[in-house]
Amino acid sequence: MKRKRQADLIKQMSDKEVAVQLAVTQLILLAVALVTSLFLFESYWSEWLSMFPLSYENWLMLGVLPGLLILLIDLALMYTLPKKYYDDGGINEKVFENRSFSGVLFLTLLVAISEEMLFRGVLHNELGYIPASILFAVIHIRYLSKPVLLLSVLFVSFLIGYMFEVTGSLTATITAHFIVDFVLGLWIKLGKWGGKIGRDG
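Residues numbered from 1 in each chain as written. Predicted model: local features only at pLDDT ≥ 70, side-chain atom pairs only at ≥ 80, totals over all residues. Heavy atoms only, no water.

A. A look at a nonpolar patch on the surface. Together, V20, V24, I28 and V32 line one region of the surface with nonpolar side chains, adding up to about 300 Å² of accessible area. With a relative accessible area of 35%, V32 lands in the partly exposed category. (Patch = residues over 30% accessible without salt bridge, like charges linked within 9 Å, V, L, I, M, F, W, Y side chains within 5 Å. Areas by Shrake-Rupley, 256 points an atom, 1.4 Å probe, with all protein chains shown as cover. Salt bridge = Lys/Arg side-chain N within 4 Å of Asp/Glu carboxyl O. Buried < 20%, exposed > 50% of the residue type's maximum accessible area, 1.4 Å probe, protein only.)

Written out as structure tokens, the structure reads:
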């Protein structure tokens, strides 16, 4: 029932209103990451800088390739499973369907940076791998009544969390997160989502 009310609310909002709400939410997450780290990090700037190494090899192997792997798995599931399993109440379509290329780029980059800085940069460092990965999945509350979407976001969260556990690199996790969201955002914009993706059912 709650999910139906949310879906009805989304339908009443314009594409611009949904995108603005998403951007504001992400800016709040980013602010929370930056403010809480002031109190939690012993050395604010040096700890943040240490999480952004700029090695091209590591970026390619630990950021780009895992991002592409996650993306391929997601697309394979979307083309295999019935469409209803990937229905999130129309939020993604509202956000990306009528966005410009630069709009998709901006929103997905903002999401990747804000969520990774909070959940990996702060929460993972302070609470550990498993709690941070679970909390990341929990904020995607609209997926809780959709088992496939929930399992998908849990898989992505734990995989990206493991990448951070191994590398300590937000450069890698932001890259992987961005690749997935950006390509799927373009997929929706170009009309590959919804009626043209997945099986009926």
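B. Spotlight on helix 6 (residues 101-127). An ideal rise of 1.5 Å per residue puts 39 Å on 27 residues; helix 6 measures up with 36 Å between its terminal C-alpha atoms. The sharpest bend along helix 6 comes to roughly 30°, located at E116. Backbone geometry just downstream of helix 6 places G128 in the positive-phi region, at approximately 110°. (Helix = DSSP H or I, 4+ residues; strand = E, 2+ residues; numbered from the N terminus. Expected span 1.5 Å × (residues − 1). Bend = angle between axes of the 7 residues up to and from the residue.)

C. Spotlight on the pattern of salt bridges. Summed over all chains, the structure comprises two salt bridges. Of the charged contacts, one joins D15 and K94 as a salt bridge, the two residues approaching to 3.9 Å between their closest N and O atoms. With a gap of 79 residues between them, D15 in helix 2 (residues 15-40) and K94 in helix 5 (residues 91-96) connect regions that are remote in the sequence. Residues E116 and R120 are paired through a salt bridge, measuring 2.9 Å at the closest nitrogen-oxygen approach. Remark: R120 and E116 occur in helix 6; sequence separation between them is four residues, near one turn of the helix.

D. Quick look at the packing of aromatic side chains. Here the structure, examined in full by the defined rule, presents eight aromatic pairs. With 5.1 Å between their ring centres and 80° between their planes, Y44 and W45 make a pair best called edge-to-face. On the basis of relative accessible area, Y44 is assigned to the buried category, the value being 17%. The exposure class of W45 is exposed, given its relative accessible area of 62%. Residues Y129 and F158 carry aromatic rings whose centres are separated by 5.6 Å and whose planes lie at 75° to one another, so their mutual orientation is edge-to-face. Here Y129, found in helix 7 (residues 129-139), pairs with F158, found in helix 8 (residues 147-167); they are 29 residues apart in sequence, far enough to count as distant. According to the relative accessible area criterion, Y129 is partly exposed, its value standing at 23%. Under the relative-accessibility criterion, F158 is labelled partly exposed at 25%. (Phe/Tyr/Trp six-rings, centres within 6.5 Å; stacked < 30°, edge-to-face > 60°.)

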